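# Working through the structure, step by step
Each chain is listed here by its residues.
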Amino acid sequence: MSKNNINIKNRKAKFQYEVLEKFIAGIKLAGTEIKSIRAGKAGIAESFCEFHHGELFVINMHVEEYSHATHFNHTPKSERKLLLNKKELRKLEKQVTSSGLTIIPLRLFINDRGFAKLSIALCKGKKIHDKRETIKDRDSKRRLDRIKKEFN
């Protein structure tokens, strides 16, 4: 089996949320969904996770329809079940319900064994002034890198 370097990131997540804790979860997928992900045709930009009856689902994750499939193709924005240990699920559900935190997907990737995995994080939403600080820090770091580059 060839190595797939699928690494789909949610770039807005670290800007809009403060990451508290990270987890890696498996995803329950149909055959055409995994083929589309292996082709790199998926997006997690506006997705989030919710609990339904003690199970964790990713909502708004876009997986394009597989081009070589017949009429048995999947729907692009359906809910997909995330696979975690019961202990991790209970811990996450407790923190989400009591603290008002959210679970956001950070990265979708294919592991060494060929399974699709989703890196999720327990996050707290940033306020406007926190986002401004992030922008300010990023700009100052960029300026310092330019100055260092000029002297080298």
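Heads up: these notes are all about the structure in this document.

Definitions and limits used
Residues numbered from 1 in each chain as written. Predicted model: local features only at pLDDT ≥ 70, side-chain atom pairs only at ≥ 80, totals over all residues. Heavy atoms only, no water. Buried < 20%, exposed > 50% of the residue type's maximum accessible area, 1.4 Å probe, protein only. Helix = DSSP H or I, 4+ residues; strand = E, 2+ residues; numbered from the N terminus. Pairing = 2+ DSSP bridges. Phe/Tyr/Trp six-rings, centres within 6.5 Å; stacked < 30°, edge-to-face > 60°. Lys NZ or Arg CZ within 6 Å of the ring centre and 35° of its normal. Patch = residues over 30% accessible without salt bridge, like charges linked within 9 Å, V, L, I, M, F, W, Y side chains within 5 Å. Areas by Shrake-Rupley, 256 points an atom, 1.4 Å probe, with all protein chains shown as cover. Salt bridge = Lys/Arg side-chain N within 4 Å of Asp/Glu carboxyl O. Core = buried A, V, L, I, M, F, W, Y, C linked by side-chain atoms within 4.5 Å. Contact = heavy atoms within 4.5 Å.

## Some details on the pairing of strand S4 (residues 48-52)
Burial along S4 is one-sided: the face carrying Cys49 and Phe51 is buried and the face carrying Phe48, Glu50 and His52 is not. In the sheet, S4 pairs with strand S5 (residues 55-59) via 5 bridges, with the strands oriented antiparallel. Paired with Phe51 across the two strands is Leu56, which belongs to S5. Connecting the antiparallel pair S4 and S5 is a turn made up of 2 residues, with His53 showing a positive phi of about 55°.

## So, the packing of aromatic side chains
Under the definition given, this model contains 0 aromatic pairs. Geometry around Phe109 places Arg107 over its ring, the cationic atom sitting 4.1 Å from the centre.

## Describing a nonpolar patch on the surface
Judged by side-chain polarity, Leu144, Ile147 and Phe151 come together as a nonpolar surface patch covering roughly 350 Å² of accessible area. Tracing the chain through its elements places Ile147 in helix H4 (residues 128-151). Judged by relative accessible area, which is 42%, Ile147 ranks as partly exposed.

## Comments concerning the nonpolar core
Counting residues in each nonpolar core, the largest one holds 27 residues, and the members touching the most others are Leu56, Leu82, Leu92, Leu108 and Ile120. At the level of elements, strand S2 (17-27), helix H2 (31-38), S4, S5, helix H3 (86-99), strand S8 (102-110) and strand S9 (116-125) are the ones that each hand at least two residues to this core. Among residues more than four places away in sequence, those in contact with Leu56 are Cys49, Glu50, Phe51, Arg80, Lys81, Leu82, Leu84, Leu89, Leu92, Ile103 and Ile120. Listed in part, the 5 residues of the second largest apolar core include Ala13, Leu106, Ala121 and Cys123.

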